[in-house]
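Single-letter residue listing:
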Amino acid sequence: MQNNYYDSKEFTEALDKYEKAMESDEPIYLDCDQLADIAEYYHWMGYPAKALAAADYALSLFEGATAPLVLKARMALLNENNPEKAEQIAEQIADKTDLEYFYIKAEILVATNQGEKADLFLENSMKQLDELDSLDFVLDAAILFIDYEYVELAKKWLKKSNETDQEDYREVEGRIKYYEGDYEDSERIFNSLIDKNPYSAYYWDLLASSQLASGKLADTITSCEYAIAINPNDEDALLYKGQALMQLKNDEAAIEYFDRLSQVRTSNVDGYLNTAYCLFHLERYEEGFAALRKAETRAKRHYPDRLPEIYQEAAFTYSQIGQKERALAYLDKMEQMVNADPYELLVSRAHILCENGDIRAQSYYQRALEESRYQPSIMLRVAVSLYDNGILQVAYNILCTLSPADMDKLPQAYAYRALCAHDLGLKEEYIKHLKDAVEKDAASAKSLLSTLFPEDMEPKEYVEYASENPL
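What you see is a predicted model, and the numbers here were worked out from it, not measured in a lab.

Asker: Sorry, what's going on with the overall build of the protein here?
Answerer: A count of helices and strands for the protein gives 28 helices and 0 strands. Its C-alpha atoms put the protein at 75 × 50 × 45 Å along the principal axes. Taking all 471 residues of the protein together, the buried fraction comes to 51%. For the protein, the share of sequence-separated contacts (at least 6 apart) that also reach a separation of at least 24 residues comes to 52%. Surface exposure of the protein reaches about 23,300 Å², of which carbon and sulfur atoms provide 47%.

This is how it looks when you write it as structure tokens:
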């Protein structure tokens, strides 16, 4: 549901009627869909208790109703990380032929990394549908898979549809191109959607995300401005514009948008987290840690899966300002968390020790590589850490051991390889790696290499410029 629905007269009147009835403990006359919308609104706003209360009230009047039970199941799945509870709630849905019943059952599988089982479940479910329902079903299945970044399964379900002119079809097609790194094609598709519906903030957001990924920062800002003009509280647009400004080293302006983002919805973590990044860039550490604590408070309440990145940012920043013990204490916090990656933590510990001149760093780097069995993503993490700590040759050697297939799965590695070659004074290798970086991941090339080029130069111009100028 797009956010501007919540500003509509229809919804605000229903919400006002509901809230007054709850305060006075009087009966209320709203249908199931209206009550489900109110529950969804509370969930979106970051009030889980109110969302559950509204859903339960709907169910007290409409036992077995699909919409409130789907919401409760999704909250159990995503907020509580409890797929078993989500499954139990989903099974309370009275109409087992409702498309939403099939979708929530499939989402529980997808969210628990069982994409193939979800695919089989949806295939079997589709056999129960008539031809008209099947038209919507295949597109909704494709949307579900692309929402969870199951790109190949999204492509499979999209191929089942012949409604190629449908906006949903085009949207999924564009998002698939985005996840495949084909930003030029994804932008073309999102622009075509905007041509048909120029007042869709959502389509402007999709375009902005693709432009941001491809390093087109000025274009990203323009697209975000259109989205914000349509919906001043558009969370994605506020986030993307702030991130584009941050990449342009305009941290003060970025903070303005991240602050707005933090105020839009009380459960949003990204606003405070990105504000902290900007403040740390500006060396305003006390304010930065205050913003990070606010992000931590929100994450604990609403999105506990975001805590590791918050703790890691705190650890690395404390390390940078020479407070090694406080930095390591945050890693200790991370180690206590379920799903903590032991190899990532070994690299993080090595990085902090190395940055602070502790000779134990080498053994932690070695453990990370050996215990992960030289997992490519860990090799990249080690190389980046070593580069950041000035150990250029070893970092470059590690990056050069990654196979082309590994590099394609970790395309930012191309930019790091180019950066190492540049700093080591290896002109021929630098040009080769730079060409790969620009072709494979222009966004990373822009982010990591832009300081080597004139301001406002686009990545597509990097190779020619580098070839004609000394290191």
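Asker: Would you take a moment to explain helix H2 (residues 32–45) for this structure?
Answerer: The terminal C-alpha atoms of H2 lie 20 Å apart, and with 14 residues this matches the ideal 20 Å at 1.5 Å per residue to within 8%. With 10 of 14 residues buried, H2 lies mostly within the body of the structure. Regarding H2, the residues found buried are Cys32, Leu35, Ala36, Asp37, Ile38, Ala39, Tyr41, Tyr42, His43 and Met45. Buried positions along H2 lie against helix H1 (9–24), helix H3 (48–61), helix H4 (66–79) and helix H15 (251–264). With a side-chain oxygen lying 3.1 Å from the backbone nitrogen of aspartate 33, the N-terminal cap of H2 falls on aspartate 31. Positive phi shows up at glycine 46, right after H2, with a value of about 90 degrees.

Asker: In this structure, what is going on with unusual backbone geometry? I would like to understand it.
Answerer: Keep in mind that most residues, glycine aside, have a negative phi and that most peptide bonds are trans. Positioned with a positive phi, asparagine 81 is a non-glycine residue whose angle comes to about 50 degrees. Position of asparagine 81 among the secondary structure elements: in the loop between H4 and helix H5 (83–90). You can call asparagine 81 exposed: its relative accessible area is 58%. At lysine 249, a position not held by glycine, the phi torsion is positive, near 65 degrees. Position of lysine 249 relative to the elements: it lies in the loop between helix H14 (235–247) and H15.

Quick notes on the rules
Residues numbered from 1 in each chain as written. Predicted model: local features only at pLDDT ≥ 70, side-chain atom pairs only at ≥ 80, totals over all residues. Heavy atoms only, no water. Helix = DSSP H or I, 4+ residues; strand = E, 2+ residues; numbered from the N terminus. Buried < 20%, exposed > 50% of the residue type's maximum accessible area, 1.4 Å probe, protein only. Contact = heavy atoms within 4.5 Å. Areas by Shrake-Rupley, 256 points an atom, 1.4 Å probe, with all protein chains shown as cover. Expected span 1.5 Å × (residues − 1). Polar contact = N/O pair within 3.5 Å; in protein donor to acceptor, adjacent residues only side chain to side chain.

Purely geometric stuff here, so don't read any function into it on its own.
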